[in-house]
Amino acid sequence: MLRVPAALALALVALPIVGLLLRTEFTRLPELLSSQASLHALRLSLTTASLSTLACIVLGVPLAVVLARAAGNLGALLRTIVLLPLVLPPVVGGLALLYLLGVNGFLGYLLDVVAGARVPFTTAAVVLAQTFVAMPFLVISLEGSLRARDENYERVAATLGARPWTVFTRVTCPLLLPALVSGTVLCFARALGEFGATITFAGSLQGVTRTLPLEVYAQAESDIDSAIALSLLLIVIAIVVIGVARPRSLRGRA
């Protein structure tokens, strides 16, 4: 009985990809992917996604540790705030960033007055938007691993005289390495595919803020073949990410 709805669910996911493949002009792929606009978008996407992933690691690892140790109402509140970017429409996230760091936002106004700096519609805005939407993936992966870990190793290290920072770097971090790798890859993929928050907060300026998803959107209005080629590139990247980041337990036994 379950095979029919399961087949329909699989078809709902797979058939649109098949339709895209059937529409792709594979003989023109090198030409379409090597155009100046495509290369600029690819270079910008890889750069900003790498920077936002680094920011997610620097900020997200401590946040995951705090969440794993937090309990009660405070822990529930913090977890709800961290998970908001997962359920909010990306456009809402972009507007929130805009009215925080824009000229009319309280923090953006201070930056403009004190330092003469404006964040929206810059490459930095792309990095911030990507970090905003991608960080929860890393935090969730690490928090789950932290809660499931065996704390006896850390206790033994502490009883042997290791300082808290030494315990964290020498014992806790190696235990979290698989989750950290998976979360980092997911962060990078989410940042690379970010669209809504980016276009709202950073705009779509070629060579400055127009990443691959924004280039797909722009090309869809003028050159559908280029849009399809870039979409196929993003699909290939997504497949690679899934292969790297999915839990080992979900892989078939050798």
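Caption draft 1: Molecular detail of the overall build of the chain. What the chain contains, in helices and strands, is twelve helices and zero strands. The secondary structure elements of the chain, listed N-terminal to C-terminal, are α-α-α-α-α-α-α-α-α-α-α-α. Each of the three principal axes of the chain carries a C-alpha extent, and together these read 65 × 60 × 35 Å. Looking at the 254 residues of the chain, the share that counts as buried comes to 37%. Counting every atom, the chain has about 14,800 Å² of accessible surface; 70% of that belongs to carbon and sulfur. Charge-centre separation for the chain: the mean point of 18 positive side chains lies 12 Å from the mean point of 12 negative side chains.

Caption draft 2: Summary view of the packing of helix α7 (residues 123-148) against helix α9 (residues 164-192). Taken N-terminus to C-terminus, the directions of α7 and α9 make an angle of 155°; their axes are 8 Å apart at the nearest point. Between α7 and α9, the angle falls in the class roughly antiparallel. Between α7 and α9 lies a crossing whose hand is right-handed. Across the interface between the two elements, Q130, V133, A134, M135, F137, L138, S141, L142, S145 and L146 from α7 touch T172, L175, L176, A179, L180, G183, T184, L186, C187, R190 and A191 from α9. Along the lines of polarity and charge, the residues of the contact of α7 with α9 split into 14 nonpolar, six polar and one charged.

Conventions adopted
- Residues numbered from 1 in each chain as written.
- Predicted model: local features only at pLDDT ≥ 70, side-chain atom pairs only at ≥ 80, totals over all residues.
- Heavy atoms only, no water.
- Helix = DSSP H or I, 4+ residues; strand = E, 2+ residues; numbered from the N terminus.
- Buried < 20%, exposed > 50% of the residue type's maximum accessible area, 1.4 Å probe, protein only.
- Areas by Shrake-Rupley, 256 points an atom, 1.4 Å probe, with all protein chains shown as cover.
- Lys, Arg positive; Asp, Glu negative; His and termini not counted.
- Charge placed at Lys NZ, Arg CZ, Asp CG, Glu CD.
- Axes fitted to C-alpha atoms, helices over the stretch in contact; angles between N-to-C directions.
- Parallel < 35°, antiparallel > 145°, perpendicular 65-115°, else oblique.
- Left-handed = near helix turned anticlockwise from the far one by under 90°.
- Contact = heavy atoms within 4.5 Å.
- Nonpolar A, V, L, I, M, F, W, Y, C, P; charged D, E, K, R; others polar.

Note that every value here comes from positions in space, so none of it alone points to a role or purpose.
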